[in-house]
Amino acid sequence: MVKNKYYVIDAHCHIYPEKIASKAVAGTDNFYHEHSYGKGTVEDLMIVGDIAGIDHYIVQSVATTPHQVGRINEFIAESVANSGGKMTGLGTLHPDSEDIEADFKNLIELGLKGVKLHPDIQKFKIDDYRCLKIYELCEREGLPILMHTGDHRFDYSNPNRLLPVMEIYTGLTVIGAHFGGWSIWEEAAEKLSKLPNLYVDTSSSLPYISSETAKKLVHTYGVDKVMFATDYPMWSPTEELERYFSIGLTEEENRRIFSENAKKLFNIK
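The structure presented is a predicted model; accordingly, all values stated were derived computationally and were not measured.

1. Here's the deal with the nonpolar core
Next up, step 1: Counting 69 residues, the largest nonpolar core has Tyr135, Ile145, Phe179, Leu198 and Tyr221 as the members making the most contacts within it.
Next up, step 2: Ranked by residue count, the leading element in this core is helix H3 (residues 69-81), at five residues.
Next up, step 3: If we ignore the near neighbours within four places in the chain, the residues touching Ile145 are Val115, Leu117, Ile134, Tyr135, Cys138, Leu172, Thr173, Val174 and Ile175.
Next up, step 4: Core analysis: the second largest hydrophobic core is formed by 14 residues, Ala11, Leu90, Ala177 and Leu265 among them.

Structure below.
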């Protein structure tokens, strides 16, 4: 285990049950034309995270169909309960569910601390009317949404779709994954950085952009709005930490990005 002087929270990790992990990881690899580093299981996450010196994990998964929602949320909650305090769980919802309110109530009862949505994989536009009940419920209960944002190939999750939602649901907190816009990083920052309730994470960004661009993005959004994240199992946590440290931020900036922002947002003690 590599232990640096910071308490490190990985704010974006995907985990799957053992029986389906390899299939789930292969599906994501095919979608992004990448080859994932990890296996996608809880055991593997804890092993590679411990080697890297990660202290805590924000874990989630995505329902590609409505009937998967309950099973996924129960799996995430069970994984959190068995983690010895090392995990915080986010639930999933699907805009085509027959009873989104019931799914949301169950998510709350399971003790999950937010909602993960992936418009590109779940095949809905962020500003689709089907999603409005999700935003209404999350705003009402104060649950943040970790949302995949950005993709030059599609128009499901790009800034033009997120802006009107944030303007209507002014009490809603959204974490725009991948610095707010995967593959369109600077365009996203230009359009989204002034939104008061928008946070971003560093996941699946540092392998593609320069350290100088990463530093610019951090300062554009503000160090109080950025969280370190690896997008496990896509990338090696050890290598992601190395990429992060190459940005050259100050110790205070590192402390906020590694843990303080996530602790505040997800109420991690």
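2. Things to note about the side chain of His118
Next up, step 1: Position of His118 relative to the elements: it lies in the loop between strand E5 (115-117) and helix H5 (119-122).
Next up, step 2: For His118, a relative accessible area of 5% puts it in the buried group.
Next up, step 3: Looking at His118, its side chain comes within polar contact range of the side chain of His148, at 3.4 Å.
Next up, step 4: In this structure His118 touches Tyr32, Val62, Lys123, Phe124 and His148, once residues within four positions along its chain are discounted.

3. Details of the packing of helix H7 (residues 159-168) against helix H8 (residues 185-192)
Next up, step 1: Across the interface, H7 lies against H8 with an axial gap of 10 Å and an inter-helix angle of 20 degrees. Accordingly, the angle class assigned to the pair H7 and H8 is roughly parallel. Crossing geometry of H7 relative to H8 is assigned as right-handed. Across the interface between the two elements, Pro159, Leu162 and Leu163 of H7 pack against Ala188, Lys191 and Leu192 of H8.

4. Brief notes about the pattern of salt bridges
Two side chains carrying opposite charge are able to pair once their charged atoms lie near each other.
Next up, step 1: In this structure the tally under the stated criterion is 18 salt bridges.
Next up, step 2: Among the salt bridges present, the one from Arg161 reaches Asp155, with a minimum N-O distance of 3.0 Å.
Next up, step 3: Owing to a relative accessible area of 31%, Asp155 belongs among the partly exposed residues under this scheme.
Next up, step 4: The shortest N-O distance in the salt bridge between Glu260 and Lys263 comes to 3.8 Å. Taken together, the positions of Glu260 and Lys263, both in helix H11 (residues 251-266) and three residues apart, correspond to about one turn of that helix.
Next up, step 5: For Glu260, a relative accessible area of 30% puts it in the partly exposed group.
Next up, step 6: Members of the salt-bridge network, linked through shared partners, are Asp224, Glu252, Arg255, Arg256, Glu260 and Lys263.

Parameters at a glance
Sequence order sets the numbering: in each chain, residues are counted from 1 along the sequence as written. Local features in this predicted model are restricted to residues whose pLDDT is 70 or higher, and side-chain atom pairs enter the listing and the counts only when it is 80 or higher, whereas totals over whole chains, interfaces and linings include all residues. The side-chain figures draw on all heavy atoms in the structure; neither hydrogens nor water molecules are used. Put simply, buried Ala, Val, Leu, Ile, Met, Phe, Trp, Tyr and Cys residues joined by side-chain atoms within 4.5 Å make one nonpolar core. A 1.4 Å probe rolled over the protein chains alone gives each residue an accessible area, and that area as a share of the maximum for its type sets the label: buried under 20%, exposed over 50%, partly exposed in between. The secondary structure listing takes helices from DSSP runs of H or I that are at least 4 residues long and strands from runs of E that are at least 2 residues long, numbered from the N terminus. Whether two residues are in contact is decided by their heavy atoms: any pair within 4.5 Å suffices. Here a polar contact is taken to be a pair of N or O atoms separated by no more than 3.5 Å, where protein atoms must pair a possible hydrogen donor with a possible acceptor and residues adjacent in sequence count only if both atoms sit in side chains. Between N-to-C directions, angles span 0 to 180 degrees; the directions come from axes that are lines fitted to C-alpha atoms, helices contributing only their stretch in contact. Any angle that is under 35 degrees is reported as roughly parallel, and any over 145 degrees as roughly antiparallel; angles of 65 to 115 degrees are reported as roughly perpendicular and all others as oblique. Handedness of a crossing follows from how the near helix is turned relative to the far one, being left-handed for an anticlockwise turn of less than a right angle and right-handed for a clockwise one. Whenever Lys or Arg places a side-chain nitrogen within 4 Å of a carboxyl oxygen from Asp or Glu, that contact is recorded as a salt bridge.

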